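# Fold and geometry: a report
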Amino acid sequence: MKLGVNIDHVATLRNARGGVEPSVLDAGIVSQNSGATAITVHLREDRRHIVDNDVIELKKALKININLEMAAVDEMRDFAIKLKPYSCCLVPERRQELTTEGGLNVVSQFEHIKNIVSDLKNAGIVVSLFIDPDLEQVKASYETGAQYIELHTGCFANASGEDQEKELERLKNAAIYAQELGLNVNAGHGLNYENVSRMKEIEGLCELNIGHSIISRAIFVGLDSAVSEMVELIA
């Protein structure tokens, strides 16, 4: 599996003081040099961490893929089409949430999401939909024309014992069904150094997108070591 490093929380720390440190760009470069195959950033509508110029600078400087997480709204679509990152992952977004709390409801927003997917694909951008491991959502995602789904692993990460095994089974079944339809499958949310090895039990996963646990570990061991350790765990 490949590793996409989400560096949103580097921007969170920077914005806490309103200055320029720590540098989001430097975090992207260090992650790239330490084995990440993509950098993921979520440009939220409220710009609470990553801001437009962060994405622009990363796109200019990095040799690895930029994966732009974004709400399925016209403003973000237009920004993405102008910037042309390698990929966009459409995610749900609520102003009051601390972090993304679940997957996109593709079924209930099908026509709107299908149109956004079409616009992004026509601009040459690979499109992924961040969804819960629900077979109905997988099918709807396929029907939008998206090339990828990213399975929300938060319920798995937050569970333990038998409940965690049930959540892992849901992820496995969703991944199998998605691949049968011809979708590529990524996964992420809540994964850390203790639970990430279980993702190897899900056949065919392309990439894991991990942020909070890597940035947290980086405080103690440095970002280069934190990324390298995660790369080794999922290899």
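No experiment lies behind these values; they were computed from the predicted model shown. (Residues numbered from 1 in each chain as written. Predicted model: local features only at pLDDT ≥ 70, side-chain atom pairs only at ≥ 80, totals over all residues. Heavy atoms only, no water.)

When you go through the chain residue by residue, the secondary structure sums to 10 helices and 8 strands. The C-alpha atoms of the chain give a radius of gyration of 17 Å, which matches the 18 Å a tight globule of 235 residues would have. Across its three principal directions, the C-alpha atoms of the chain cover 45 × 40 × 35 Å. Burial status across the chain gives 51% buried among its 235 residues. The contacts in the chain between residues at least 6 apart in sequence include a share of 66% that link residues at least 24 apart. If you sum the accessible surface of the chain, you get close to 10900 Å²; carbon and sulfur atoms cover 48% of it. Each charge class in the chain can be summarised by its mean position, and for the 23 positive and 35 negative side chains these summaries are 5 Å apart. (Helix = DSSP H or I, 4+ residues; strand = E, 2+ residues; numbered from the N terminus. Rg over C-alpha atoms; globule rule 2.2 N^0.38 Å. Buried < 20%, exposed > 50% of the residue type's maximum accessible area, 1.4 Å probe, protein only. Contact = heavy atoms within 4.5 Å. Areas by Shrake-Rupley, 256 points an atom, 1.4 Å probe, with all protein chains shown as cover. Lys, Arg positive; Asp, Glu negative; His and termini not counted. Charge placed at Lys NZ, Arg CZ, Asp CG, Glu CD.)

So, on to the sheet that holds strand β5 (residues 126-131). Two pairing modes exist for strands in a sheet, parallel and antiparallel, and in both the strands are linked by backbone hydrogen bonds. Taken in spatial order, the 8 strands close into a barrel running β1-β2-β3-β4-β5-β6-β7-β8, and their pairing is parallel. Sheet twist, expressed as the average angle between the axes of neighbouring strands with direction ignored, equals 25°. The sheet contact formed by strand β3 (residues 65-70) and strand β4 (residues 87-90) spans 4 bridges and is parallel. Pairing of M70 across the sheet is with L90, part of β4. (Pairing = 2+ DSSP bridges. Axes fitted to C-alpha atoms, helices over the stretch in contact; angles between N-to-C directions.)

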